[in-house]
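Notes for the structure review
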Number of protein chains: 2
Amino acid sequence: MNGPSLARRQRSLGDPSAEYPLFPPLTRGCPRTSTAEIAYPLDVDYDYDQVDPGLFAQEPGTDIARWSPLLPPLEAPTLGEGGTPLVAFDGVYVKDESRNPTWSHKDRLNRVTVSAALASGAPGVVVASSGNHGASAAAYAARAGLPAIVLTSAASPPAVQAFARAYGAKVVSVPIEARWPLLREVVDRLGYHPVSNQTVTHTGHPFGPEGYKTIAYELFRQLGRPPAAVFAPTGYAELLYGVWKGFTELRRLGVAETVPRMFSCETAAGGPHARALATGVPAAIVELGRSDAYGIAGPVGGHRGVLAVRDSGGEAVLLTDEELRAAQRDLARQGMWQELSGAAGVAGYRRLGRDFDGPVVCIATSSGFKDVGVGSGSFPALPEPTLDDLLA
Amino acid sequence: MNGPSLARRQRSLGDPSAEYPLFPPLTRGCPRTSTAEIAYPLDVDYDYDQVDPGLFAQEPGTDIARWSPLLPPLEAPTLGEGGTPLVAFDGVYVKDESRNPTWSHKDRLNRVTVSAALASGAPGVVVASSGNHGASAAAYAARAGLPAIVLTSAASPPAVQAFARAYGAKVVSVPIEARWPLLREVVDRLGYHPVSNQTVTHTGHPFGPEGYKTIAYELFRQLGRPPAAVFAPTGYAELLYGVWKGFTELRRLGVAETVPRMFSCETAAGGPHARALATGVPAAIVELGRSDAYGIAGPVGGHRGVLAVRDSGGEAVLLTDEELRAAQRDLARQGMWQELSGAAGVAGYRRLGRDFDGPVVCIATSSGFKDVGVGSGSFPALPEPTLDDLLA
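Residues numbered from 1 in each chain as written. Chains lettered and ligands numbered in written order. Predicted model: local features only at pLDDT ≥ 70, side-chain atom pairs only at ≥ 80, totals over all residues. Heavy atoms only, no water.

1. Concerning the sheet that holds strand E2 (residues 19-21) of chain B
Residue and element names in this part refer to chain B. As a reminder, the rule being used: Here a strand pair is declared whenever DSSP counts at least two bridges between the two strands. Going along the chain from the N terminus, every DSSP run of H or I of four or more residues is numbered as a helix, and every run of E of two or more is numbered as a strand. Think of each axis as a best-fit line through the C-alpha atoms, taken over the contacting stretch in the case of a helix, with angles from 0 to 180 degrees between the N-to-C directions.
Taking strand neighbours across the sheet as the criterion, the 3 strands line up as E2-E1-E3 in an open arrangement whose pairing is antiparallel. Where the open sheet ends on each side, the last strands, each with one partner, are E2 and strand E3 (42-46). Each neighbouring strand pair of the sheet contributes to a mean axis angle of 35 degrees, computed without reference to strand direction. The pairing of strand E1 (residues 7-12) with E2 spans 3 bridges and is classified as antiparallel. Pairing of Arg-11 across the sheet is with Glu-19, part of E2.

Structure, rendered in structure tokens:
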């Protein structure tokens with residue numbers, strides 16, 4: 001839409017001097033810097049001096065190709081991702097990512113990663129996910145004409161199972177411990193392009209966070225400036241890192257003078273980024289307790305989230321399910337029904353209870369339809385309803 | 001956003017010489033022209049000669065207030081409705097209305113009707129709906145700080161029951177025959193503002209279709225011209241009429257030269273507009289057979305749909321559930337998971353099988369999460385999955 005991609009190479013987040021060609025995407029992390037305990041993701045580097053600053057004079061809209069110079073090549077067709085609204089809520093702004101093609105932020109990532117699969121000539125894509133990521137990957141693969149395999153879990157809510165299966169992918173519920181070996185086998189033996197993680201600490205697809213950068217570009221346009229703080233629901237921290245990277249690019253290009261503080265909003269049942277930040281390690285793995293926020297609850301963290309929080313002067317915030325539920329309820333009471341995980345940004349802002357010198361954005365990632373328990377209720381009709389029943 | 005509302009009066013669709021003040025909205029149809037058999041809706045008239053044609057130079061975006069001069073006063077706050085993408089699909093364009101705040105087109109209507117409730121000083125809103133309309137009304141009422149009563153049915157899918165209940169409204173499942181008397185009682189005794197129909201043939205809220213006009217404005221901008229044909233999922237035909245009215249306004253204002261043909265895409269289990277058009281009556285009531293397309297399956301039609309089809313040179317198209325399912329499946333196979341009713345536009349275009357001299361738009365109204373059966377499946381994990389299971 002706005003010219004070809006200026007993406008030029010992959011660069012290790014473990015050691016910025018370790019560079020690799022843009023293709024193939026190193027989906028198993030940086031081979032030079034990763035160890036048996038810590039895997040380092042790759043980042044995408046661009047010819048920034050060729051970026052036309054007029055790029056950021058554009059209005060946001062429903063196709064991230066408007067930011068094509070600062071994205072990897074977008075070979076996959078759009079489903080109209082992006083262009084989501086910023087809705088005022090209790091003194092902050094909610095970026096409502098439930099307004100994407102499969103009703104979560106993941107569509108921004110999958111436009112980019114399925115594009116990488118096409119550009120790599122892969123015969124299909126494979127993803128391990130029990131939620132939004134799997135369905136979104138299936139949708140973008142279907143749109144691109146690529147077969148997809150989704151390794152999901154029987155614990156995924158029934159409505160989400162229907163969702164993941166709708167797009168024609170091969171969706172198979174497997175035991176949780178079987179997912180990663182099976183994913184690797186699909187990659188190694190079928191040559192499918194992996195759009196989820198394969199490493200000991202999280203690295204994921206090197207191009208994934210690039211899609212999330214477009215949230216930063218949109219926020220800059222919607223607010224007329226960078227926010228002072230961004231609170232993001234955080235599982236693997238690809239979203240958090242992507243938004244952070246987008247703002248650092250705006251500063252680097254001279255488009256904006258400031259960058260926001262980034263807050264990693266994690267479930268208290270796990271919280272690997274909080275742990276890594278507290279203990280000063282590049283990435284951490286934690287024991288995972290019980291949480292219904294399955295979209296962000298995982299034991300494995302990655303280095304990206306640590307960088308985003310640390311370099312921005314932010315913090316990690318740990319949230320109980322009760323705090324998440326309160327934020328979810330209050331968002332719905334103002335017309336925004338979010339998945340429990342999706343309410344973590346608002347919950348994190350409230351939990352921190354701090355004032356900021358500028359606008360605060362809480363990213364809300366996903367529709368309430370994807371929550372645990374949705375679709376399991378029973379609501380029999382009142383046999384002879386009266387006005388009193390409506391006022392009870 | 002773009003100046004005050006130029007809405008000036010209500011005018012009867014039964015007799016254009018019958019005019020009424022803009023407030024109160026005549027939610028029980030035109031008192032002068034309606035009979036015991038046929039109720040005539042009111043339409044909203046504007047001071048069209050005061051419209052700045054520059055209004056239509058705007059990009060679409062997520063807040064219909066950008067079209068405020070051609071809408072009734074928007075007292076209710078936005079949830080970011082509108083600005084939905086137009087996605088290419090098999091030679092036509094799909095307008096994906098699942099990308100609204102409650103993931104259906106209804107949000108455009110409810111921004112306007114909840115505004116009318118506020119402007120009328122009503123203490124609350126009441127709606128009878130087993131699907132999108134009720135949840136959307138609940139969301140906009142919540143956003144506006146108004147209590148809402150939703151009279152729903154036990155036949156509404158469990159996930160949709162959770163959806164309608166999320167926004168804090170009083171949601172009560174009642175027998176289908178109890179809905180209308182109860183709605184009327186809530187209006188008469190509590191003074192609540194009704195945002196669904198109360199008349200023998202459908203009239204609904206006089207301001208409702210005004211919200212849908214914004215789809216026409218957006219399509220004009222997205223295509224750079226009016227489409228040659230629009231296929232819309234049709235229950236009460238408020239969507240069909242609203243889109244039609246928007247295009248007639250663009251012609252009247254000299255912004256566009258042509259208007260599209262409008263196609264009413266109804267379920268073959270009912271099809272009151274098809275019946276009215278075939279028999280030459282202003283509106284019809286039919287026997288309703290069995291259909292899973294509960295979002296559009298109803299026995300009661302209205303005069304608006306008849307006008308839109310007749311005046312545009314369109315047609316009514318009747319669709320079986322099998323035809324709807326085929327369209328739903330094929331949309332999902334290209335990344336768009338629609339509710340069964342939401343696929344009726346694409347199904348109608350296919351069923352008609354006609355060529356048009358210009359772009360064709362099929363409106364897709366709602367997310368697949370709202371469908372009958374979603375959330376009721378069971379997907380146990382394969383105990384020892386192998387690569388062969390993934391290739392089966």
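From this point, the discussion proceeds with the structure in view.
2. Considerations on the interface of chain B and chain A
Stated precisely, the cut-off is as follows: The contact definition used throughout considers only heavy atoms, calling two residues in contact when any of these lie within 4.5 Å. Summed over both partners, the accessible area (1.4 Å probe) lost when two parts come together is defined as the buried area. Whenever a carboxyl oxygen of Asp or Glu lies within 4 Å of a side-chain nitrogen of Lys or Arg, that contact is scored as a salt bridge. The definition of a polar contact used here is a pair of N or O atoms within 3.5 Å, where within protein one atom must be able to donate a hydrogen and the other to accept one, and adjacent residues in sequence count solely through side-chain atom pairs. Gly is put with the polar residues, along with every residue not named as nonpolar or charged; the nonpolar set is Ala, Val, Leu, Ile, Met, Phe, Trp, Tyr, Cys and Pro, and the charged set is Asp, Glu, Lys and Arg.
On the side of chain A, 67 residues touch chain B, which itself brings 67 residues to the contact. Carbon and sulfur atoms make up 67% of the area that chain B and chain A hide from each other, which totals about 5500 Å². Linking chain B with chain A are 0 salt bridges. Between chain B and chain A we count 19 residue pairs in polar contact (both at pLDDT 80 or more) in total. Elements supplying a minimum of two residues to the side of chain B that touches chain A: strand E4 (86-89), helix H2 (132-144), strand E7 (148-152), helix H3 (158-166), strand E8 (170-173), helix H4 (179-190) and helix H11 (387-391) of chain B. Broken down by element, the side of chain B that touches chain A gets its largest block of residues, 8 residues, from H3 of chain B. A class-by-class count of the residues in the side of chain B that touches chain A yields 40 nonpolar, 17 polar and 10 charged.

3. Details of the relation of the copies chain B and chain A
To be explicit about the condition: Here the copies were fitted onto each other by least squares, based on C-alpha atoms from residues at pLDDT of at least 70 in both.
Between chain B and chain A, the superposition needs a rotation of 180 degrees and an axial shift of 0.0 Å, giving an RMSD of 0.0 Å. Both chain copies can therefore be described as sitting about a two-fold axis. Counting the interface residues of chain B, we find that 100% of their copies in chain A are interface residues as well, pointing to one common contact surface.

4. Observations regarding the side chain of Lys-245 of chain A
Residue and element names in this part refer to chain A. For clarity, the cut-off: Remark: exposure states derive from per-residue accessible area (1.4 Å probe, protein chains only) relative to the maximum for the residue type, with buried under 20%, exposed over 50%, and partly exposed in between.
By the element assignment, Lys-245 lies in helix H6 (residues 238-252). Since its relative accessible area comes to 6%, Lys-245 is described here as buried. Not counting chain neighbours up to four residues away, the residues in contact with Lys-245 comprise Asp-43, Val-44, Tyr-46, Tyr-48, Glu-210 and Lys-213.

5. With respect to the domain arrangement of chain A
All names here are of chain A. Rules: Residue ranges labeled as domains rest on an automatic or database domain assignment.
Under the domain assignment used here, chain A contains domain 1 (1-110 + 199-369) and domain 2 (111-194). Taking the mean C-alpha position of each, domain 1 and domain 2 sit 21 Å from one another. At the junction of the two partners, domain 1 supplies 34 residues and domain 2 supplies 31 residues. In total, about 2700 Å² of surface goes out of reach between domain 1 and domain 2, with carbon and sulfur atoms giving 59% of it.

6. What to know about the pairing of E8 of chain B
Residues and elements named next belong to chain B. Put simply, the test is: Consider the strands pointing away from the viewer: the crossover is right-handed when the path from the first strand over the helix to the second runs clockwise.
Two elements, E7 and E8, share 4 bridges in a ladder whose sense is parallel. Each residue of the ladder has a partner; that of Ile-149, found in E8, is Lys-170. The β-α-β motif built from E7, the intervening H3 and the parallel element E8 has right-handed crossover chirality.

7. A closer look at H6 of chain A
Residue and element names in this part refer to chain A. The condition that has to hold: What a helix is expected to span follows from its residue count: subtract one and scale by 1.5 Å.
Taking 1.5 Å of rise per residue, the 15 residues of H6 would be expected to cover 21 Å, and the 21 Å separating its terminal C-alpha atoms lies within 8% of that figure. Most of H6 is tucked away: 12 of the 15 residues are buried. Every buried residue of H6 is listed here: Glu-238, Leu-239, Leu-240, Tyr-241, Gly-242, Val-243, Trp-244, Lys-245, Gly-246, Phe-247, Glu-249 and Leu-250. Looking one or two residues past H6, Gly-254 carries a phi angle of roughly 80 degrees, positive in sign.

8. Re the sheet that holds strand E12 (residues 315-319) of chain A
Residues and elements named next belong to chain A. Spatial strand order, E4-E5-E13-E10-E11-E12: 6 strands in an open sheet with mixed pairing. Edge positions in the open sheet fall to strand E4 (86-89) and E12, since each of these has one partner strand only. Neighbour to neighbour, the strand axes of the sheet diverge by 25 degrees on average, direction disregarded. Inspection of the sheet shows strand E11 (residues 261-267) paired to E12 by 5 bridges, in the parallel sense. What sits directly across from Thr-267, in E12, is Leu-319. In the packing of helix H9 (residues 321-332) onto the sheet, the strands contacted are E4, strand E5 (92-96), E11 and E12, and the crossing angle to E12 comes to about 90 degrees.

9. A word on the nonpolar core
We count it as follows: Here the nonpolar core consists of buried residues drawn from Ala, Val, Leu, Ile, Met, Phe, Trp, Tyr and Cys, with membership extended through side-chain atoms lying within 4.5 Å.
Counting residues in hydrophobic clusters, the biggest one holds 120 residues, and the most contacted among them are Tyr-167, Phe-231, Trp-337 and Phe-356 of chain A together with Tyr-167, Phe-231 and Trp-337 of chain B. Setting aside its immediate chain neighbours within four residues, Tyr-167 of chain A contacts Thr-102, Trp-103, Ala-135, Ala-138, Ala-139 and Ala-142 of chain A together with Ala-332, Arg-333, Gly-335, Met-336 and Trp-337 of chain B. The next biggest cluster of nonpolar side chains, apart from the first, holds 44 residues, and it includes Leu-55, Leu-70, Val-309 and Ile-363 of chain A.

10. A short note on the environment of Ser-98 of chain B
Take Ser-98 of chain B: it is sitting in the loop between strand E5 (92-96) and helix H1 (106-119). Ser-98 of chain B sits 13 residues away from Pro-85 of chain B along the chain, and the two C-alpha atoms are 9.8 Å apart. Residues contacting Ser-98 of chain B, with those up to four places away along its chain left out, are Trp-103 of chain A together with Trp-103, Ser-104, Gln-338, Ala-364, Thr-365, Ser-366 and Ser-367 of chain B.

11. Considering the environment of Lys-95 of chain B
All names here are of chain B. Of note, Lys-95 is situated in strand E5. Residues Lys-95 and Leu-219, 124 residues apart in the sequence, show an inter-C-alpha distance of 8.2 Å. Among all residues touching Lys-95, those that are not within four sequence positions of it are Thr-84, Pro-85, Leu-86, Arg-108, Ile-215, Glu-218, Leu-219, Gln-222, Val-361, Cys-362, Ile-363 and Ala-364. Only 2.7 Å separates the side chain of Lys-95 from the side chain of Glu-218, close enough to count as a polar contact. Side chain to side chain, Lys-95 and Gln-222 meet in a polar contact 2.8 Å long.

12. Focus: the packing of helix H1 (residues 106-119) of chain A against helix H5 (residues 208-223) of chain A
Residue and element names in this part refer to chain A. Threshold: The cut-offs work like this: below 35 degrees is roughly parallel, past 145 is roughly antiparallel, 65 to 115 is roughly perpendicular, and the gaps in between are oblique. Helix crossings get a hand from a simple test, with the near helix turned counterclockwise from the far one by less than a right angle marking a left-handed crossing and a clockwise turn marking a right-handed one.
Contact pair H1 / H5: the axes reach a minimum separation of 7 Å and the direction vectors enclose 130 degrees. Of the possible angle classes, the one that applies to H1 and H5 is oblique. Where H1 crosses over H5, the two elements pack in a sense that is right-handed. Contacts between H1 and H5 involve Lys-106, Arg-108, Leu-109, Val-112 and Thr-113 from the first element and Gly-208, Gly-211, Tyr-212, Thr-214, Ile-215 and Glu-218 from the second. A per-class count over the contact of H1 with H5 returns 4 nonpolar, 4 polar and 3 charged.

13. Looking at the packing of helix H7 (residues 272-279) of chain A against helix H8 (residues 303-312) of chain A
The relative placement of two packed helices comes down to the angle between their axes together with the axis-to-axis distance. Residues and elements named next belong to chain A. Packing of H7 against H8 brings their axes to within 9 Å, and their N-to-C directions diverge by 60 degrees. With respect to their mutual orientation, H7 and H8 come out oblique. Crossing hand, H7 versus H8: right-handed. Contacts between H7 and H8 involve His-273, Ala-276 and Leu-277 on the former and, on the latter, Gly-305, Val-306, Val-309 and Arg-310.

14. Let's talk about the pattern of salt bridges
Residues and elements named next belong to chain A. The tally for this structure, following the rule as stated, stands at 54 salt bridges over all chains. Two residues, Arg-304 and Glu-238, come together in a salt bridge whose shortest N-O distance is 3.9 Å. Of the two residues, Arg-304 is situated in helix H8 and Glu-238 in helix H6; the sequence distance between them amounts to 66 residues. With relative accessibility at 2%, the residue Arg-304 sits in the buried group.

15. Some words on the environment of Val-360 of chain A
Residue and element names in this part refer to chain A. As for its placement among the helices and strands, Val-360 is situated in strand E13 (residues 360-364). Sequence separation between Val-360 and Ala-138 is 222 residues; the distance between their C-alpha atoms is 33 Å. Residue contacts for Val-360: discarding those within four places in its chain leaves Val-92, Tyr-93, Ala-229, Phe-231 and Tyr-349.

16. Overview of H7 of chain A
All names here are of chain A. Those residues of H7 that fall on the buried side of the exposure criterion are Pro-272, His-273, Ala-274 and Ala-276. Against the buried residues of H7 lie E11, H8 and E12. Residue Gly-280 follows H7 closely and has a positive phi angle near 75 degrees.

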